[in-house]
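Structure assessment
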Amino acid sequence: MTPKSATGLKGVAVLGSTGSIGTTALRVLDRQRQRFRVTALTANSNGALLKEQARQFSPSFVGMVESSADADEAWKSGTDALVAAATRDDVDIVLNAIVGAAGLDATLAALEKGKRVALANKETLVIAGHLVSEACASGRGEVVPVDSEHSAILQCITGHPASQVRRVILTASGGPFRDWSRERLASATVEDALRHPTWRMGRKISVDSATLANKALEVIEAHFLFGLPYDRIEVVVHPQSVVHSFVEFIDGSVVAQMSAPTMELPVLYALTHPERVDDDGIPPFDPVRLSPMTYEPVDHERFPALRLGIDAGRAGGAAPAVFNAANECAVAAFLAGKLAFPDIPRAISSALEKLSELPSGNREELLAADAAARNHVREMVAC
Ligand code: NAD
Ligand code: MG
């Protein structure tokens, strides 16, 4: 193990290194070897790629998390390796690029140890935003978002007190079904849902983008990251994904952050915030080539998951965890061909109706609400 003080480099653990964000992060870290050293890597799929990454970066810890058919077992074994990677002494920054609730414990443990968590795993904040805040306070850790919209907001508000922010407007690409009628959506296939117009991402977030559940997760994420009430967080459809979000200040001025759609920039900024560093790998900005930039309202009739998630966020308590778990389970069922596309929001709505009032005071209660929501959806779809 080489401590930071000896090398002058910041140690980075990449959790979920073989995924879309994980591989993006390693491309950035490869270009930034004068500032960062990859000290830990974990994944639960694509062992050959993980091996290749280990050869390329020589981390001191490599964790291949075993997948188990039993979700609870997978949770436990996965969590152990992730927490081990996230809490090492040679790790200064934990880039959490795991999908779903499985990323929660590693985030909490890293924050308790005073690390920076560069957080792509937005589900962590949705399930347990208040536990994350408590872990930051008690361990003096910090969360810096990787999600492009939240990175944009952070870049716009840095240097301004929260009291000067009137509202934020998150942009949404609208996903592959932006122009689809309700009737056509009923027969949307997995292949259709994975064909995102502007981003190449993992399967789960691609489906979330198609239902707009992703934007609901992001509204809740913004609420916890920036301490904003829900009536000051809005969403607008912007199909080109060039403006990553807007911040309106109390004097009426609106500041936006733009770039060609690439996750390399928000990943880099999450590592260096509040500094900016030179990086010649980010695609150049060309306003003419990126034109036109257009905006539309969200159609809540065709995409009910957004409203369901925002309402769950407003309700608080166990509701956001139930929303997230029901969505994860319904998306898995859709990807397995066991659920039709419009049944994803139906399953979420049913779980929320039944389970929103469950206790939510601590981690155990939130995990129980998470498990109850998964069971509810499993019973509905028999998966
Ligand atoms: P992905 O499916 O491409 O990659 C996930 C990675 O995590 C893989 O390396 C996989 O092996 C690992 N993993 C998954 N489940 C695990 C578990 N239970 N235990 C251990 N390892 C596990 O996903 P992605 O698209 O990279 O998304 C990762 C996270 O980043 C998600 O929360 C997503 O919402 C968020 N995000 C992604 C993008 C994007 O452009 N892909 C953008 C913004 C936010
Ligand atoms: Mg996003």
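Calculation criteria
Residues numbered from 1 in each chain as written. Chains lettered and ligands numbered in written order. Predicted model: local features only at pLDDT ≥ 70, side-chain atom pairs only at ≥ 80, totals over all residues. Heavy atoms only, no water. Helix = DSSP H or I, 4+ residues; strand = E, 2+ residues; numbered from the N terminus. Rg over C-alpha atoms; globule rule 2.2 N^0.38 Å. Buried < 20%, exposed > 50% of the residue type's maximum accessible area, 1.4 Å probe, protein only. Areas by Shrake-Rupley, 256 points an atom, 1.4 Å probe, with all protein chains shown as cover. Lys, Arg positive; Asp, Glu negative; His and termini not counted. Charge placed at Lys NZ, Arg CZ, Asp CG, Glu CD. Donors = N, O, S within 2.8 Å, 3.2 Å for Na, K, Ca; no water. Core = buried A, V, L, I, M, F, W, Y, C linked by side-chain atoms within 4.5 Å. Domains from an automatic or database assignment. Contact = heavy atoms within 4.5 Å. Pairing = 2+ DSSP bridges. Axes fitted to C-alpha atoms, helices over the stretch in contact; angles between N-to-C directions. Near = heavy atom within 4 Å. Polar contact = N/O pair within 3.5 Å; in protein donor to acceptor, adjacent residues only side chain to side chain. Nonpolar A, V, L, I, M, F, W, Y, C, P; charged D, E, K, R; others polar. Buried area = accessible area lost by both parts, 1.4 Å probe. Salt bridge = Lys/Arg side-chain N within 4 Å of Asp/Glu carboxyl O. Expected span 1.5 Å × (residues − 1). Right-handed = clockwise from strand over helix to strand, strands pointing away.

Attention now moves to the overall build of the chain. When its secondary structure is counted, the chain shows 16 helices and ten strands. By the compact-globule yardstick of 21 Å for 383 residues, the chain fits well, its C-alpha radius of gyration being 20 Å. Every one of the 383 residues in the chain was classed for burial, and the buried ones make up 56%. For the chain, the exposed area adds up to about 16000 Å²; of that, 51% sits on carbon and sulfur atoms. In the chain, 38 side chains carry a positive charge and 46 a negative one; their mean positions are 4 Å apart.

Attention shifts here to the coordination of the magnesium ion (ligand 2). In this structure, D147 (OD), E149 (OE) and E218 (OE) serve as the protein donors to the magnesium ion (ligand 2), at separations of 2.1 to 2.3 Å. Sequence positions of the donors to the magnesium ion (ligand 2) reduce to the motif D-x1-E-x68-E. With E149 in helix α7 (residues 148-157) and E218 in helix α11 (residues 213-226), the pair connects residues that are 69 residues apart, well separated along the chain. On the basis of relative accessible area, E149 is assigned to the buried category, the value being 8%.

This part covers the environment of E221. Within the element layout of this structure, E221 appears in helix α11. C-alpha of E221 to C-alpha of P145: the two residues are 76 residues apart in sequence and 9.2 Å apart in space.

Turning to the nonpolar core, a few remarks are in order. With 88 residues, the main nonpolar core has L95, F177, L271, F323 and I344 as its most contacted residues. It is helix α14 (residues 319-335) that provides the largest number of residues to this core, a total of ten residues. Each of domain 1 (10-146) and domain 2 (176-228 + 297-380) gives at least three residues to this core. Those residues in contact with L271 that lie beyond four places of it in its chain are V12, V28, L29, F36, I93, L95 and R116. With 31 residues, the next largest nonpolar core counts L82, A101, L108 and V132 among its residues.

On the basis of which strands lie adjacent, the open sheet formed by six strands has the order β3-β2-β1-β4-β5-β6 and parallel pairing. Pairing within the sheet leaves two strands with one partner each, and these edge strands are β3 (61-64) and β6 (142-145). Averaged over all adjacent pairs, the angle separating strand axes in this sheet is 20°, with direction ignored. Examined bridge by bridge, strand β5 (residues 116-119) and β6 share four bridges and lie parallel to one another. Looking across to β6, one finds that L119 is bridged to P145. With respect to the sheet, helix α5 (residues 104-112) is in contact with β1 (10-15), β4 (93-96), β5 and β6, its orientation differing from that of β5 by roughly 150°.

Moving on, we come to the site of ligand 1. Lining the immediate surroundings of ligand 1 are 23 residues, of which T18, S20, N44, E123 and G202 lie closest. At a separation of 2.8 Å, an oxygen atom of ligand 1 approaches a polar side-chain atom of N44. Between ligand 1 and G202 there is a distance of 2.8 Å, counted from an oxygen atom to a backbone nitrogen or oxygen. For ligand 1, the protein covers 89% of the area, taking 830 Å² as the surface of the free molecule. The residue inventory of the shell around ligand 1, partitioned by class, reads eleven nonpolar, nine polar and three charged. Built from parts of two domains, the shell around ligand 1 gets at least three residues from each of domain 1 (10-146) and domain 2 (176-228 + 297-380).

With that settled, consider the domain arrangement of the chain. Reports often express the size of an interface as the amount of accessible area lost when the parts come together. Under the domain assignment, the chain is made up of domain 1 (10-146) and domain 2 (176-228 + 297-380). Centre-to-centre separation of domain 1 and domain 2, based on C-alpha positions: 23 Å. If you look at the interface, domain 1 gives 20 residues, while domain 2 gives 25 residues. A buried area of about 1800 Å², summed over both sides, lies between domain 1 and domain 2, and 67% of it is on carbon and sulfur atoms. Looking at the side of domain 1 facing domain 2, the largest losses of area belong to K122, V126 and I127, adding up to 34% of the total buried there. Linking domain 1 with domain 2 are three salt bridges. If you look at where domain 1 meets domain 2, you find six residue pairs in polar contact (both at pLDDT 80 or more).

Another aspect to go through is α11. Taking 1.5 Å as the rise per residue, α11 with 14 residues should run 20 Å; its terminal C-alpha atoms sit 20 Å apart, in good agreement. Extensive coverage of α11 is indicated by the burial of eleven of its 14 residues. All of the buried residues in α11 are A213, N214, K215, A216, L217, E218, V219, I220, E221, A222 and F226. G227 sits one or two residues past α11 and shows a positive phi near 65°.

Strand order in the open sheet formed by four strands is β8-β7-β9-β10, with mixed pairing between adjacent strands. Edge positions in the sheet fall to β8 (233-237) and β10 (254-258), since each of these pairs with one other strand and no more. Put simply, the sheet's adjacent strands are angled 20° from each other on average, direction ignored. Of the pairings in the sheet, the one linking strand β7 (residues 165-172) to β8 comprises five bridges and is parallel in character. The partner of V168 across the bridge, within β8, is I233.

Looking now at the pairing of strand β2 (residues 36-43). Within β2, eight of the eight residues are buried, which leaves the element mostly enclosed by the surrounding structure. Pairing of β1 with β2, which is carried by six bridges, proceeds in the parallel orientation. Paired with V14 across the two strands is L41, which belongs to β2. Assessed by its sense of winding, the connection that carries the chain from β1 through helix α2 (residues 20-31) to β2 is right-handed. In this sheet, β3 lies alongside β2 in parallel orientation, the contact comprising four bridges. From the neighbouring strand, A43 faces β3, where its bridge partner is M64. Regarding the hand of the β-α-β motif, the stretch spanning β2, helix α3 (residues 47-57) and β3 is right-handed.

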